[in-house]
Amino acid sequence: MIDAHIHADTRPYEDFETMAVAGVESAITCAHDPLKMSTSAVVLDHIHRLMNNDVKRAAENGLKLYLALGIHPRSITSDFEVILDKLPSLLEHEDVVAIGEIGLETTSSAEKDVFKRQLQLAQELEKKVIVHTPRRNKREVTQITSSIIHENINPALVLVDHVDNSIIDLMIGFEGMLGITVQPQKMSPQDAVNLLDEYGFEKFILDSDMSSSPSNPLSVPKTVHQMKLAGFEADEIEKVSRGNASNFYGI
Ligand SMILES: [Zn+2]
């Protein structure tokens with residue numbers, strides 16, 4: 001299995017063993033806002049921690065970590081240009097599979113500007129992108145997010161994450177991939193099973209988004225288990241828990 005969106009820097013060492021024991025072979029850890037990001041130096045130190053420290057902590061427990069790097073909408077510093085300048089060279093690191101997670105939280109003009117510039121960079125470098133959708137005003141923000149994606153990048157390079165029942169009707173026709181985040185307070189394994197049952201398997205990739213919010217390192221294995229109990233075919237389960245992520249990110 002692949003857990004396609006986690007925040008490894010917020011999790012204890014033992015979580016990686018728990019995941020590996022349950023059959024999660026790899027995960028993508030995304031840049032985010034683990035603390036107040038006062039300056040570009042804090043964001044870059046966070047990125048270096050993911051690259052150097054967390055990849056090693058996971059590997060010591062048998063979990064291969066890949067990286068998604070970028071400026072999260074809650075991590076926009078006044079000197080964000082410094083990060084944008086360094087991003088292309090950071091993306092050359094062999095474990096980086098995407099720019100992310102990026103997107104909109106409040107739809108401020110600074111958020112839109114930083115989001116567009118990272119989408120344009122991804123288009124130029126032909127990198128995949130992991131796009132966040134927020135918990136608050138989710139539907140309204142997702143509509144704006146979707147139009148900015150279509151104006152700035154080939155949508156086939158993009159995964160829109162944290163898709164749930166409140167926005168699935170907006171996103172099911174999207175040309176890229178869709179992430180289903182199975183996380184306490186967001187979506188249960190059963191909710192994910194119901195969504196997959198209704199909308200099929202080709203577009204979806206499962207993740208836990210495990211972070212310092214209520215989270216479960218076993219979200220993907222538990223969803224796979226629920227799918228087995230519900231009688232899904234083995235190849236359908238394989239697609240959403242490994243194959244689609246493997247194809248999309250080339251991992
Ligand atoms: Zn996240």
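Residues numbered from 1 in each chain as written. Predicted model: local features only at pLDDT ≥ 70, side-chain atom pairs only at ≥ 80, totals over all residues.

This part takes up the overall build of the chain. Counting its secondary structure elements, the chain contains nine helices and eight strands. The C-alpha radius of gyration computed for the chain amounts to 17 Å, which stays within 12% of the reference 18 Å derived for 251 residues, consistent with globular compactness. Across its three principal directions, the C-alpha atoms of the chain cover 50 × 40 × 30 Å. A total of 251 residues make up the chain; the buried ones form 47% of that total. Counting only contacts in the chain whose residues sit at least 6 apart along the sequence, the fraction spanning at least 24 positions is 73%. (Helix = DSSP H or I, 4+ residues; strand = E, 2+ residues; numbered from the N terminus. Rg over C-alpha atoms; globule rule 2.2 N^0.38 Å. Buried ≥ 20, exposed ≤ 12 C-beta atoms within 10 Å, placed from the backbone. Contact = placed C-beta atoms within 7 Å.)

In this fold, Asp-33 is placed in the loop between strand S2 (26–30) and helix H2 (40–59). Taking the C-alpha atoms as reference points, Asp-33 and Ile-76, 43 residues apart in sequence, are found 9.3 Å from one another. Look past the residues within four positions of Asp-33 in its chain and what remains in contact with it is His-72, Arg-74 and Ser-75.

Strands pair in a sheet through their backbones, by hydrogen bonds, and they do so in one of two ways: parallel or antiparallel. Strand order in the open sheet made by the eight strands is S1-S2-S3-S4-S5-S6-S7-S8, with parallel pairing throughout. Strand pairing shows two members of the sheet lacking a second neighbour, strand S1 (2–6) and strand S8 (204–207), which therefore form its edges. This sheet shows a mean twist of 30 degrees between the axes of neighbouring strands, independent of strand direction. The sheet contact formed by strand S7 (residues 177–181) and S8 spans four bridges and is parallel. If you follow Thr-181 over to S8, its bridge partner there is Asp-207. The strands touched by H2 are S2 and strand S3 (64–69); relative to S3, the strand with the most contacts, the crossing angle is about 165 degrees. (Pairing = 2+ DSSP bridges. Axes fitted to C-alpha atoms, helices over the stretch in contact; angles between N-to-C directions.)

Attention now moves to the environment of Asn-154. Position of Asn-154 relative to the elements: it lies in the loop between helix H5 (138–152) and strand S6 (158–160). Placed 21 residues apart in sequence, Asn-154 and Glu-175 show a C-alpha to C-alpha distance of 8.7 Å.

A cis amide bond links Gly-100 with the next residue in sequence, Glu-101, at an omega value of -15 degrees. Here Glu-101 lies in strand S4 (residues 96–103). The residue Thr-107 is not glycine, and still its phi comes out positive at about 65 degrees. Structurally, Thr-107 can be placed in the loop between S4 and helix H4 (109–125). By C-beta crowding, Thr-107 is classed as partly exposed, having 17 other C-beta atoms within 10 Å.

Okay, the nonpolar core next. Counting residues in hydrophobic clusters, the biggest one holds 69 residues, and the most contacted among them are Ala-68, Val-129 and Leu-159. Aside from chain neighbours lying at most four places away, what touches Leu-159 is Lys-128, Val-129, Ile-130, Val-131, Gly-176, Met-177, Leu-178, Gly-179, Ile-205 and Phe-248. (Core = buried A, V, L, I, M, F, W, Y, C linked by C-beta atoms within 7 Å.)

The next thing to look at is the pairing of S4. Of all eight residues making up S4, eight are buried, and the element is well covered by its neighbours. Note: S3 against S4, three bridges, orientation parallel. Each bridged residue has a counterpart across the sheet, and for Leu-67 the counterpart in S4 is Val-96. Chirality of the crossover, the property in question, places the unit of S4, H4 and strand S5 (residues 128–132) among those that are right-handed. (Right-handed = clockwise from strand over helix to strand, strands pointing away.)

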